[in-house]
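# An overview of the molecular structure
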Amino acid sequence: MSLELSVDGERWRTHLRAVAERTPGLVPVLKGNGYGFGLHRLARRAGWLGASTVAVGLYEELPEVAPRFPGDLLVLTPWRPFHEDPADPALAKRVVHTVSRPEDLPALLERRPGARFVLELATSMRRHGMTAAELWALAPDLRRLGGRLEGVALHLPLAHGGHLAEVERLLTDVVAADLPSRTVWVSHLTDAERDRLRAAYADLELRPRTGTDLWLGDRGALRVTSTVLDVHPLRRGDPYGYRGRTAPRDGHLLVVSGGTAHGIGLEAPQGQLGLKDRARSVAKGGLDAAGLSRSPFWVDGKQRWFAEPPHMQASMLLLPQGAGVPEVGDRLDARVRYTATAFDRVVVS
Amino acid sequence: MTPTVRTISPEEHLAHLSSLRSASFLQTPAWGEVKTEWRHESLGWFDGDRLVGSGLVLYRQLPRLKRYLAYLPEGPDLDWTSDRLADQLAPLAEHLRAQGAFGVRMGPPVVTRRWSAAQVKEGLADPAVRRLGDLTPTVREPVGARVVSQLTTLGWRPQGSDEGFAAGQPQYVFQVPLAGRSEADVLAGMNQLWRRNIKKADKAGVEVTTSTGRGDDEGDLKAFHDLYVHTAERDHFTPRGLAYFRTMADALGTEDPDRFRLHLARHEGDLVAATIAVRVGAHAWYSYGASSTEKRDVRGSNAVQWAMLREAIAAGADVYDLRGITPTLDPEDSHAGLIQFKVGTGGEAVEYAGEWDLPLNRALYAAFDLYMKRRA
């Protein structure tokens, strides 16, 4: 048995439909591991939702998505001369490239005459994108260069509810460019922000790109479980594991499915910056130093400690004396980062 | 092109203004003479020997200090279409700093958005719409957006005029476009009430005469002022003294005979409405107005507006400008009546880039900013 994502299908689909209904022009984002669901599944789901365009992260993701979704395919990673975009001419017609440097546009259009593209404007995030002045300088050449401008793309930082000032400033930059397209592809806006913008900028077509809030917006519809593969009683001082550690006290050793191959126990830097969060990481670091760290697995109502670093496909957990001991074959709840976890099975009811 | 900036004579300044299709009357050398409380200076931008820009600077002194806020109301007159505004604004800041300025305030004469009369009317009727900005404009002007965008990056600070009338010049005005339109076109664009009132005034025998308001016509200015003081009492605002209007009539009228025109509407010898019209090039303004409380049914106010409009059309103006409106579209707001009256002309609500400040001395500017906020 395996690490499994089970989805309450009815509840999930209801959530997806609700998001689509309140988000006109929605562009579902499918990239990476497909938010845990898999790219192929999300591609079909986006078609079922009636989206006209989906966004993928990389050119390399197109072959998995394109056969399962009939509409347009926006590639979020900006085009660079070293990118190999699809040779299939039928696919080329559906692909919308992201151009984030002025010099890339002539290069793209030389390689792919008539290509469809969006121009990415730099935001306060400063990842990719051109400055307003670069966009203005490029605007008068668009006709001469050819291709098909599909709008301007903005990738906003995460700032729930705090985007309006920046968006209005960026839209001023867009208006100033006097482009032959009125479409703005934008990420990470709250519903309230979108409503404000739709009223004040009804002359612009907003295409909200949404990934996490769409696919993972209703966590209650999702359940991640691991299987108990083995249970061993442990006495204080008993040796165990690859590394020959000894048990700190009496209890049980559990072997459960889910290891590094699934992304279990692999940590990314934490996003939180608050003092409390940092204090928590410092405390946690102390336990890390003692060779103990918290696993994502829950047994008998509590998040349990790893007994040793996770193995490739399984993990060992310490269960102290007094806790309810599961049986082989029982399923444990796990809390994981969906975007960083490879599930063995995804079951949608 | 990186131009240089230096003081120019009023004659050079006027010569530059007359080369433009449109410039604010607040940027004429004559306006510097009207604002007697402040030192003023005409500035020129030079590309080599060629005069390519001009501005009227009013220096407002800080109490007890020989330091000034340099103010260019509705100006300067530069090439605002440039996407290298820094080249024109940096030498301005340098010059003003050398003159003892701790900060610069200006109002770029560029439009950012326009809303048609029909849209404004809908907005007034729609309870969800509280302000002009809540409505999608008919036109967004790329040149204006580019100015706003550049000023933001260059460290200029927008001076909010969000609620009511700010201390400076209004960011939102109401204008009737005249370019390529005949009297009949303009009349047809007005709402029914305006057309009916204009006709009514005509039938009632209201006569509108014009006057320079100075020299032999000085009596007309006095008549205007008496009615204006009466209006101020009725409408609860503080009137300006007659001397202010004398200075205005003299300075503007001497600079150009078309600059300042009084319009007086009389019914059977009684003055029922009077206004001041101002024109620079192809831009005509309705500047000050007064009306009697008696005989309102003869519609002197509409008659005098129509006379000013006709005069502007005859002079080949592109724009008839009814000046400030507040951005509110909330019918409960006391300013909504004003916008409603202006909307009747069938023109458009126009948003300018607004007033912007550049601090040159941070400490003094911060102190001044605080002082202005306390006063407001």
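What this report covers is the structure whose coordinates are included nearby. Please read all numbers here as calculations on a predicted model, not as lab measurements.

## Topic: the nonpolar core
Considering soluble globular proteins, one finds that nonpolar side chains tend to be buried as a cluster. Residues and elements named next belong to chain A. The biggest cluster of nonpolar side chains holds 96 residues, and the ones touching the most others in it are Phe37, Leu119 and Trp215. Sorting elements by how many residues they give to this core places helix H8 (residues 164–177) first, with eight residues. Two domains each provide a minimum of three residues to this core, namely domain 1 (4–217) and domain 2 (222–348). When sequence neighbours within four positions are dropped, the list of residues in contact with phenylalanine 37 reads Leu5, Val7, Trp12, Leu42, Trp215, Leu216, Leu222 and Val346.

## Considering the sheet that holds strand S8 (residues 157–158) of chain B
Residue and element names in this part refer to chain B. The sheet built from seven strands is open, its strands ordered S1-S2-S3-S4-S5-S16-S8 with mixed pairing. Edge positions in the sheet fall to strand S1 (4–7) and S8, since each has one partner strand and no second. Summarising the sheet, S8 and strand S16 (residues 356–359) pair through two bridges and their orientation is antiparallel. Paired with arginine 157 across the strands is aspartate 357, a residue of S16. Packed on one face of the sheet, helix H3 (residues 85–98) meets S1, strand S2 (39–47), strand S3 (50–61), strand S4 (68–72), strand S5 (101–106) and S16 and runs near 140 degrees to S2. Lying on the sheet, helix H12 (residues 362–375) is in contact with S4, S5, S8 and S16; it crosses S5 at an angle near 55 degrees.

## Here's the deal with the pairing of strand S13 (residues 283–291) of chain B
All names here are of chain B. Among the nine residues that make up S13, eight are buried, leaving the element largely enclosed by the rest of the structure. With eight bridges connecting them, strand S12 (residues 270–280) and S13 associate as antiparallel partners. Bridging across to S13, isoleucine 276 finds its partner in tyrosine 288. Hairpin remark: S12 followed by S13, antiparallel, with two residues in the connecting loop; positive phi at glycine 281, about 55 degrees.

## Remarks on empty space enclosed by the protein
All names here are of chain A. Evaluation of the coordinates by the stated rule reveals four cavities of 30 Å³ or more. Space inside the largest cavity adds up to approximately 90 Å³. Lining the largest cavity are Leu74, Leu76, Thr98, Val118, Glu120, Arg127, His128, Ala153, His155 and Arg209. Taken as a whole, the second largest cavity encloses approximately 60 Å³ of empty space.

## Examining helix H7 (residues 192–204) of chain B
All names here are of chain B. End to end, H7 covers 18 Å across 13 residues, agreeing with the expected 18 Å (1.5 Å per residue, within 8%). Summarising the contacts, the buried residues of H7 are in contact with helix H6 (183–189), helix H10 (300–314) and helix H11 (336–343). Where H7 terminates, the next one or two residues include glycine 205, which has phi positive at roughly 90 degrees.

## A word on the interface of chain A and chain B
Facing the 15 residues of chain A at the interface are 15 residues of chain B. When the two sides are added together, the surface that chain A and chain B hide from each other amounts to roughly 1,200 Å², 56% of it contributed by carbon and sulfur. Along the contact surface separating chain A from chain B lie one salt bridge. The shortest N-O distance in the salt bridge between Asp203(A) and Arg140(B) comes to 2.7 Å. If you look at where chain A meets chain B, you find six residue pairs in polar contact (both at pLDDT 80 or more). Top element by residues in the side of chain A that touches chain B is H8(A). It accounts for six residues. In terms of residue class, the side of chain A that touches chain B is made up of nine nonpolar, one polar and five charged.

Criteria and thresholds
Residues numbered from 1 in each chain as written. Chains lettered and ligands numbered in written order. Predicted model: local features only at pLDDT ≥ 70, side-chain atom pairs only at ≥ 80, totals over all residues. Heavy atoms only, no water. Core = buried A, V, L, I, M, F, W, Y, C linked by side-chain atoms within 4.5 Å. Buried < 20%, exposed > 50% of the residue type's maximum accessible area, 1.4 Å probe, protein only. Helix = DSSP H or I, 4+ residues; strand = E, 2+ residues; numbered from the N terminus. Domains from an automatic or database assignment. Contact = heavy atoms within 4.5 Å. Pairing = 2+ DSSP bridges. Axes fitted to C-alpha atoms, helices over the stretch in contact; angles between N-to-C directions. 1 Å grid on protein atoms, 1.4 Å probe; cavity = no way out; pocket = protein on both sides within 12 Å on 5 of 7 lines; lining within 4 Å. Points joined across faces, edges and corners; volume = space filled by probe spheres on them. Expected span 1.5 Å × (residues − 1). Buried area = accessible area lost by both parts, 1.4 Å probe. Salt bridge = Lys/Arg side-chain N within 4 Å of Asp/Glu carboxyl O. Polar contact = N/O pair within 3.5 Å; in protein donor to acceptor, adjacent residues only side chain to side chain. Nonpolar A, V, L, I, M, F, W, Y, C, P; charged D, E, K, R; others polar.

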